[in-house]
Protein chains: 2
Amino acid sequence: MSAYTELSEYIAEVNDLLNTISILNWDARTQMPVGGTETRGKQLATLSAIAQERLTADRLRSLLDKAEAEVGGLPPESTERRSVEAVREASELFRRTPPQLTRELANLRSVAGKTWAEAKATNNFAHFAPDLERMFALNREFAQSIGYAEHPYDAMLTLYEPGMTAARLQTLFAGLRERVVPLLRAIVNSGRTPRTDFLEHHYPVELQRDFSLEVAQSFGFDLSRGRLDESLHPFEISFTRNDVRMTTRYNPRFLPTALFGVLHEAGHGLYDQGLPADQFGLPTGTFCSLGIHESQSRLWENQVGRGGPFWDHFFPRARQAFACLRDVKPGDWLFAINDVRPSLIRVEADEATYNLHIILRFELEQALVSGDLPAGDVPGAWNEKVQSALGLTPPDDARGCLQDIHWSFGGMGYFATYTLGNLLAAQLMEALRDDLPGLDDDARAGDFSRVKGWLNDNVHAHGQRFRAAELCRRATGRPLGHEALVRHLRARYAPLYGL
Amino acid sequence: MSAYTELSEYIAEVNDLLNTISILNWDARTQMPVGGTETRGKQLATLSAIAQERLTADRLRSLLDKAEAEVGGLPPESTERRSVEAVREASELFRRTPPQLTRELANLRSVAGKTWAEAKATNNFAHFAPDLERMFALNREFAQSIGYAEHPYDAMLTLYEPGMTAARLQTLFAGLRERVVPLLRAIVNSGRTPRTDFLEHHYPVELQRDFSLEVAQSFGFDLSRGRLDESLHPFEISFTRNDVRMTTRYNPRFLPTALFGVLHEAGHGLYDQGLPADQFGLPTGTFCSLGIHESQSRLWENQVGRGGPFWDHFFPRARQAFACLRDVKPGDWLFAINDVRPSLIRVEADEATYNLHIILRFELEQALVSGDLPAGDVPGAWNEKVQSALGLTPPDDARGCLQDIHWSFGGMGYFATYTLGNLLAAQLMEALRDDLPGLDDDARAGDFSRVKGWLNDNVHAHGQRFRAAELCRRATGRPLGHEALVRHLRARYAPLYGL
């Protein structure tokens, strides 16, 4: 047996453990009775410890040494070399993290999750502040342990967007903001606002589910290799490319939450269902980065799912499904679901203002990670930035700096990947249109097979074979930038707002 | 840290792994999309291998040696001594089983499960025969590996009913059969048969679910520590006493399947929810044996759930829930759900004939395990025994020797625990009635708290602290016998059939 094969088998078992952890988490969020919480925590801790032990084992190191020697002569972008390299990186990351820090972070995560929820429910930031302070301190310690080139924030990004840096994000985000702010001003100054009353109406949950799944299946989501459930916070998770699960949340009086939620998660799901089967169990068989993952959800939710051609096909079907839409004009519907207005809540934001929410979080996170901003000063800093970016003042912290769960689980650097996803989705869509003329006609016929096929070939099938930056360059012919997204936003909103 | 504490922590982690395996199995049977089958098999194999590795590790042996020395001075029935003893037994069982045999059995199980289902669907026993022959051969090998006193079947029983032997079962079952056969003859000769037309009617699935759950909750099943789902084959499984899951199968045109199914699984569920919390993670915190487990399901399903006092309370509610029962007389309902008639299918059998189905399987299994009966001769032997016990001839093997899944997963010895459960349920009910006068009045008021409380104290709370035989003696004051069940059957059927 070659060292590479032996390494592959070793890693496939670690992969089984990691996927099992995902199954336990999915179950906890969609099925588990509340009584199971404590013992589920123990099961997760045991499995995580076993996975970590295996990822830092001396036996893995020696397998890696041998496999590296074996594949050293292959081209740098061969799957074998990329796999060995990715395993080495993961192993080094774990080895460099002090076990004590891992335990402290795990404990703090479960405590902070609780205090954050309580603080949000009672609108009491002070209740969460000490845990938040500690969370950033531990993350700073983590950054010191694993090392970084310029900014401790770069170390945070390693977990979500390997290869990305704070400096590069600053450039990307500054370029984007510079173009979005005037666009937003023009929209607000246009004086136009859509009718939106029909969005809040009687939308039976069962019909919402059927309609959303019909759309997801038209995108190519395969229900024999996936399913859709309900959860408080929607998410997508995959245990293998053949078992991919989405969740959503239904509001029986408001359609967009579940509908665009499912389109979004289906985009994630299509990525996972399209990962390379022959690399199963290896890093090259898994997704490239969170930004790439998010580009897939945003592409289907926004680029496709909020577009005119899509609704040319689906609005007549929506009118059949939902009685309250019978008298709504297609143009009014399209305008309503593309309503742009500065608002306080990130997850409810439109495509134009969404990235401003991300940028302010990114700026605060850098200051928090570096220690320049004490956690106690977050509410003031937050509100100042919201005022400056959106012209609004949060009436309370629940609708301000307490709105998102991410910091409570230590997900610093996570937010940035949402905007990376938006940027790449727009860039991918331009490349798709260049490669495949007539895509709008496909959409008007409800046929998305060419879009899915192109993404399968140019994104999904590569798994982790290329880094995110290289994947972007190969798929779109250029490095990631803000121009495609700006062009998309202008093209979408100009006709609606008469710009 | 004492060796006992160290051992407990070690075993708690193994327990986490075993419970995780249960979660993966539950998910596979209730939620998983069909595409996940293959990769789920890999996840289960990896986790099983890790659990097995830990149960046979030298470190465990040395912990056991030290813990045994440490607890040696405690009373034999202290939880500490029983725990150490039970871990030693499990470890020895695994150590004595050749790894090669474990692998072969696991492979054969997945293959035989498939060939059995195909053979049943196409009514083609020959398609399953080679796997069945091999399954018994491997089980024979397993019996040789782990050892046994008298009959290789005793080794099979170790897995399901530790301490039980084929010889003891023969005595118990012979005594039961001797008394049941004349009772059954008297019933058939009575010439009475109930009206049963209303059992097959329009029973909306949602209402079946609500009604069944209402009953399960009246028994004391706690939905904050459990749930009910659907699956092809109903089962109950628990991941901890605080996360106990039941499944059932609904037939929209027939009420009894789901209703009595849920009552049955709720009995299992109440046992698992009542296990000792302070022994969590240790053998003493888990169920005693499959026979004891089955006694709980049978007690709630049959002793309670098919009784007159229970229906005095619940029939008026059933009539409210199901329109088709509005004109049915309570007496007709009670007779219908206690209809006795020899039939071919075990899972559809009444309380009187049920054990005859088990006894014939028990006899065939002994001959198959010892090698006296070649698998190819099973259909002939089966049909002969069905004719002799029930006076019927199966028209095909699908309704004969292919009806049950058990042999395809190697569950030889499993069937016997169903009749052990029936015997013990009757004996427990007599003890309950002795201890708690006026139980029928409780049932008429829909109050089952004293029954649950008694079972909590006398059965559930002991976990694995006593062997099954000792648990029976303590709870009922006498060894397990057939008399209580015979008395129950006579008391139940005499008024219905005018005996």
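These notes cover the structure that comes with them. In this text the structure is predicted, and so the values were computed from the model without any measurement. (Residues numbered from 1 in each chain as written. Chains lettered and ligands numbered in written order. Predicted model: local features only at pLDDT ≥ 70, side-chain atom pairs only at ≥ 80, totals over all residues. Heavy atoms only, no water.)

For chain A, the helix and strand inventory stands at 20 helices and 3 strands. Relative to a compact globule of 499 residues, whose C-alpha radius of gyration would be 23 Å, chain A shows 23 Å and is just as compact. If one aligns the C-alpha atoms of chain A with their principal axes, the spans along those axes are about 70 × 50 × 45 Å. The burial tally for chain A puts 56% of its 499 residues in the buried class. Taking the intrachain contacts of chain A between residues at least 6 apart in sequence as the baseline, contacts between residues at least 24 apart amount to 72%. In the form shown here, chain A has an accessible surface area of approximately 20000 Å², with 51% of it arising from carbon and sulfur atoms. Side chains of chain A give 54 positive and 65 negative charges; the mean places of these two sets differ by 2 Å. (Helix = DSSP H or I, 4+ residues; strand = E, 2+ residues; numbered from the N terminus. Rg over C-alpha atoms; globule rule 2.2 N^0.38 Å. Buried < 20%, exposed > 50% of the residue type's maximum accessible area, 1.4 Å probe, protein only. Contact = heavy atoms within 4.5 Å. Areas by Shrake-Rupley, 256 points an atom, 1.4 Å probe, with all protein chains shown as cover. Lys, Arg positive; Asp, Glu negative; His and termini not counted. Charge placed at Lys NZ, Arg CZ, Asp CG, Glu CD.)

Rotating chain A by 180° and moving it 0.0 Å along the rotation axis overlays it on chain B with an RMSD of 0.0 Å. One copy is carried onto the other by what is essentially a two-fold rotation axis. Of all interface residues in chain A, 100% are interface residues in chain B too; the two copies therefore contact each other through one and the same surface. (Least-squares fit on C-alpha atoms with pLDDT ≥ 70 in both.)

A word on the sheet that holds strand β3 (residues 243-248) of chain A. Residues and elements named next belong to chain A. Read from one edge of the open sheet, 3 strands run β1-β3-β2, paired in mixed fashion. Pairing within the sheet leaves two strands with one partner each, and these edge strands are β1 (226-230) and β2 (236-240). Averaged over all neighbouring strand pairs, the angle between strand axes comes to 20°, with direction disregarded. Relative to β3, β2 runs antiparallel, the two sharing 4 bridges. Counterpart to Thr240 in the pairing with β3 is Asp243. (Pairing = 2+ DSSP bridges. Axes fitted to C-alpha atoms, helices over the stretch in contact; angles between N-to-C directions.)

With that out of the way, let us pick up the sheet that holds strand β2 (residues 236-240) of chain B. Residue and element names in this part refer to chain B. A sheet is described by the order of its strands in space; here 3 strands give the open sequence β1-β3-β2, paired in mixed fashion. This sheet does not close on itself; its edge strands, each paired only once, are β1 (226-230) and β2. Each strand axis lies, on average, 20° off the axis of its neighbour in the sheet, ignoring direction. Summarising the sheet, β1 and strand β3 (residues 243-248) pair through 5 bridges and their orientation is parallel.

This part covers the pattern of salt bridges. All names here are of chain B. Within this structure, the stated rule accounts for 80 salt bridges over all chains. Where Glu470 meets Arg474, a salt bridge forms, and the shortest distance between an N and an O atom there is 2.7 Å. Here Glu470 pairs with Arg474, and both are found in helix α19 (residues 468-476), just 4 residues apart, close to one helical turn. Given the relative accessible area of 18%, Glu470 is considered buried. (Salt bridge = Lys/Arg side-chain N within 4 Å of Asp/Glu carboxyl O.)

A separate point is the interface of chain A and chain B. Contacts between chain A and chain B engage 37 residues on the former and 37 residues on the latter. The junction of chain A with chain B conceals about 2800 Å² of combined surface from both sides, 57% of it contributed by carbon and sulfur atoms. Interface area lost by chain A to chain B is led by A:Gln31, A:Pro33 and A:Gln43, which between them contribute 18%. On inspection of chain A and its partner chain B, the count reaches 6 salt bridges. The residue A:Asp27 makes a salt bridge to B:Arg245 at a minimum N-O spacing of 2.7 Å. Here chain A and chain B share 14 residue pairs in polar contact (both at pLDDT 80 or more) between them. Elements supplying a minimum of two residues to the side of chain A that touches chain B: α1 (3-30), α2 (37-55), β1, β2 and β3 of chain A. It is α1(A) that provides the largest number of residues to the side of chain A that touches chain B, a total of 10 residues. Split into classes, the residues belonging to the side of chain A that touches chain B amount to 12 nonpolar, 13 polar and 12 charged. (Buried area = accessible area lost by both parts, 1.4 Å probe. Polar contact = N/O pair within 3.5 Å; in protein donor to acceptor, adjacent residues only side chain to side chain. Nonpolar A, V, L, I, M, F, W, Y, C, P; charged D, E, K, R; others polar.)

A few words on the pairing of β3(A). For a regular strand, side chains alternate in direction, first toward one face of the sheet and then toward the other. Residue and element names in this part refer to chain A. A large share of β3 lies buried, amounting to 6 of its 6 residues. Covered by surrounding structure in β3 are Asp243, Arg245 and Thr247 together with Val244, Met246 and Thr248, the residues of both alternating faces. From the end of β2 to the start of β3, which pair antiparallel, there are 2 residues.

For A:Ser62, the location among the structural elements is in helix α3 (residues 58-71). Along the primary structure A:Ser62 and A:Ala3 are separated by 59 residues, whereas in three dimensions their C-alpha atoms are 9.5 Å apart.

This part takes up the packing of aromatic side chains. A full pass over the atoms with the stated rule returns 52 aromatic pairs over all chains. Seen in terms of ring centroids, A:Tyr160 and A:Tyr414 are 5.1 Å apart; in terms of plane orientation they differ by 55°. Their pairing is tilted. Note that A:Tyr160 is positioned in helix α7 (residues 152-160) and A:Tyr414 in helix α16 (residues 414-435), a separation of 254 residues in sequence. Its relative accessible area of 22% is what places A:Tyr414 among the partly exposed residues. Seen in terms of ring centroids, B:Phe136 and B:Trp407 are 5.8 Å apart; in terms of plane orientation they differ by 75°. Their pairing is edge-to-face. One end of the pair, B:Phe136, is in helix α6 (residues 125-146); the other, B:Trp407, is in the loop between α15 (378-390) and α16 (414-435), with 271 residues separating them in the sequence. Assigned by exposure class, B:Phe136 and B:Trp407 land together as buried. Positioned above the aromatic ring of A:Phe235 is the side chain of A:Arg29, whose terminal nitrogen or guanidinium carbon lies 3.9 Å from the ring centre. Positioned over the ring face of A:Phe260 is A:Arg306, at 3.9 Å from the centre of the ring. (Phe/Tyr/Trp six-rings, centres within 6.5 Å; stacked < 30°, edge-to-face > 60°. Lys NZ or Arg CZ within 6 Å of the ring centre and 35° of its normal.)

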